Amino acid sequence: MMQFIFWIACGLFLLTGEGQPAVVSRQQTSAAIEVRPIDANTLNILLHRRNGRVLMLNVWATWCVPCVEEFPDLVRLDASHRTKGVDVVTLSIDYEDEIESKVKPFLRRMKAGMPAYVNAFAKQEDFITALSPEWSGAIPATFVFDSSGSLRETLVGKQSFKSFVTAAEKVLRKRK
Amino acid sequence: MKVLQTILLTITVAVLAFAEGPKKAENFTLQDINGKKHSLVDYKDAEAIVVMFIATQCPVSNAYNERMAALHKDYQEKGIVFLGINSNKQESIEEIKGHAAEHGLTFPILKDHKNVIADKFSASFTPEIFVLSGGLDILYHGRIDDSQREARVTTKDLRKALDEILTGRPVTTTETKAFGCTIKRVS
């Protein structure tokens, strides 16, 4: 029964979110890096208000070695594909009380100018399912959403720059 | 119309999910870190077999070391068997031995060379739990509880599943999800 209620809730959740403010904004300077908590409502807006752009959403954590290892390639992807219609956005699953002590210093070191969030869902499971019901929760994970907010590619585990580019361009091609 | 379509799709998915019976695990044989062989069928008379994919270097798995040791202590006398499995390619038997000794993990830990068993179970992260019946039906799959920070735990999913099994009731929540480290597989 709980599963049934959950699926209904998911369906209704996806139908809402119109008329909300845009949430994607770039970091202004590396000194004043901004990391915002993300809940179900903010995630819904992020996924569905695409303005014709593809979204590559990387889920990571400061404690996750492969996440840290692949991060420079995300920064590189942001630089190479921002003008091609791709928003690279990072979403950390570190705790909110670790934003200042762990997340921001790492993003500063990486010179990451992409919009950055930290998971603020009350339940991990709701966050995982909101991104993809097929995702186990293993990180790093990168989800590629097309310009209508539909999930097109899921990359689980450490990626290379080449695999990020391949996934981004595959979804970009479908946009045209 | 769109709402109606969504609701109908939702109902279809839910009905299909309920219609499925329990999945079955395939038997395997692996050596533990002390060289002893274990097969799932060795434990056919157990109340349940808890298979835990764990790691030495994963901070999430390590956050659960004490909880795993406590679960083993609390449930082994009740006829529940615990088997840890390490499928990470970079974690050696010596490292696993040292880690287990340091953290008081006294249940057998099996080394899954080339992640063969992780592949059979489609296990993808650590710590990831499968609870099996003696007949190898998968009764529960998912997390130990809902927060790696013990103070924030609100549902002790694995304990709840084991308690239900021990009292002869069906497991009410058979699947849960949680964040974890990807299992580092051979390429």
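For the structure itself, consult the block above.
Each chain carries its own residue numbering, running from 1 in the written order of its sequence. All chains are assigned letters beginning at A, and all ligands numbers beginning at 1, according to the order in which they are written. Note on the predicted model: pLDDT of at least 70 is required for a residue's local features to be given, and 80 or more for side-chain atom pairs to be given and counted; whole-chain, interface and lining totals, by contrast, use all residues. As a rule here, side-chain values cover all heavy atoms of the structure and leave hydrogens and water aside.

Caption draft 1: Spatial organisation of the overall build of chain B. Helix numbers and strand numbers start at the N terminus; a helix is a DSSP run of H or I with at least 4 residues, a strand a run of E with at least 2. Secondary structure summary: chain B contains 6 helices and 9 strands in total. Residue exposure ignores everything except the shown protein chains as possible cover, and the areas themselves are Shrake-Rupley values with a 1.4 Å probe. For chain B, the accessible surface area stands at approximately 9200 Å², while carbon and sulfur atoms represent 55% of it.

Caption draft 2: Quick look at the overall build of chain A. If you tally the helices and strands in chain A, you get 6 helices and 7 strands. The helix and strand sequence of chain A, counted from the amino end, reads α-β-α-β-α-β-α-β-α-β-β-β-α. Summarising the internal contacts of chain A: among those between residues at least 6 apart in sequence, 73% fall at separations of at least 24. Summed over its atoms, the accessible surface of chain A is roughly 8000 Å², and 54% of this surface lies on carbon and sulfur atoms. By definition in these notes, contact holds between two residues if any of their heavy atoms fall within 4.5 Å.

Caption draft 3: Structural view of unusual backbone geometry. In this structure, Pro-140 of chain A follows Ile-139 of chain A across a cis peptide bond, with omega equal to 5°. Its place among the elements puts Pro-140 of chain A in the loop between β5 (138-139) and β6 (141-145). Across the junction of Thr-126 of chain B and Pro-127 of chain B, the peptide omega takes the value -5°, indicating a cis bond. Along the chain, Pro-127 of chain B turns up in the loop between β6 (125-126) and β7 (128-132). One non-glycine residue, Asn-51 of chain A, lies in positive phi territory at about 50°. The topology assignment puts Asn-51 of chain A in the loop between α2 (40-48) and β2 (54-60).

Caption draft 4: Structural detail: the pairing of strand β3 (residues 86-92) of chain A. All names here are of chain A. Between buried and exposed lies partly exposed: a residue is buried under 20% and exposed over 50% of the maximum accessible area for its type, with that area taken using a 1.4 Å probe on protein chains only. Among the 7 residues of β3, 7 are classified as buried, and the element is accordingly described as predominantly covered. A two-sided burial pattern is seen for β3, the buried positions comprising Val-86, Val-88, Thr-90 and Ser-92 on one face and Asp-87, Val-89 and Leu-91 on the other. A crossover gets the label right-handed when its path from the first strand over the helix to the second runs clockwise, viewed with the strands pointing away from the viewer. On the question of chirality, the crossover connecting β2 to the parallel β3 by way of helix α3 (residues 65-81) is right-handed. Only strands that DSSP links by at least two bridges are regarded as paired with each other. Here 3 bridges tie β3 to strand β4 (residues 116-119), and the two strands are oriented parallel to one another. Following the sheet pairing, Ser-92 is matched in β4 by Val-118.

Caption draft 5: Quick look at the state of the cysteines. Put simply, a disulfide is two cysteine sulfurs that come within 2.5 Å. By the definition in use, this model includes 2 disulfides over all chains. Shown here is the disulfide that connects Cys-64 of chain A with Cys-67 of chain A, its sulfur atoms set 2.1 Å apart. Its torsion about the S-S bond being 80°, the disulfide of Cys-64 of chain A and Cys-67 of chain A is classed as right-handed. Comparing Cys-64 of chain A with Cys-67 of chain A shows no difference in burial state: the two are buried. The disulfide partner of Cys-58 of chain B is Cys-181 of chain B, and the S-S distance across this bridge is 2.0 Å.

Caption draft 6: Quick look at helix α4 (residues 99-110) of chain A. Residue and element names in this part refer to chain A. Taken together, the buried positions of α4 are occupied by Ile-99, Val-103, Lys-104, Phe-106 and Leu-107. End-on, the buried residues of α4 take up no more than an arc of 155°, which puts them together on one face. Set apart from the buried face of α4 by more than 90 degrees, the exposed residues are Ser-101 and Arg-109. Where α4 is buried, its residues touch β1 (35-38), β2, α3, β3 and β4. Positioned one or two residues after α4, Lys-111 has a phi angle of 55°, which is positive. Directions pointing from the helix axis toward each C-beta atom define the arc.

Caption draft 7: Quick look at the sheet that holds strand β7 (residues 151-156) of chain A. All names here are of chain A. Read across the open sheet, the 6 strands follow the order β1-β4-β3-β2-β6-β7; overall the sheet is mixed. With one partner strand each, in any of the chains shown, β1 and β7 form the two edges of the open sheet. Mean inter-strand twist for the sheet, computed between neighbouring axes without regard to direction, equals 25°. As judged from the 5 bridges shared by β6 and β7, these two strands associate in the antiparallel manner. Within the sheet, the bridge partner assigned to Phe-145 lies in β7 and is Leu-151. Each axis is a line fitted through C-alpha atoms, and for a helix only the stretch in contact is used; angles between axes span 0 to 180 degrees, taken between their N-to-C directions. Seen against the sheet, α2 touches β1, β2, β3, β4 and β6 and runs at an angle of roughly 140° to β2. Docked against the sheet, α3 engages β2, β3 and β6, running at close to 160° with respect to β2.

Caption draft 8: Main features of the sheet that holds strand β8 (residues 138-142) of chain B. Residues and elements named next belong to chain B. Read from one edge to the other, the open sheet built from 5 strands follows the order β5-β4-β3-β7-β8, with strand pairing classed as mixed. Edge positions in the sheet fall to β5 (109-111) and β8, since each of these pairs with one other strand and no more. Across this sheet, the average inter-strand angle for adjacent strands is 20°, counted without regard to direction. Pairing geometry for strand β3 (residues 48-53) and strand β4 (residues 80-86), over 6 bridges, is parallel. Paired with Phe-53 across the two strands is Ile-85, which belongs to β4.

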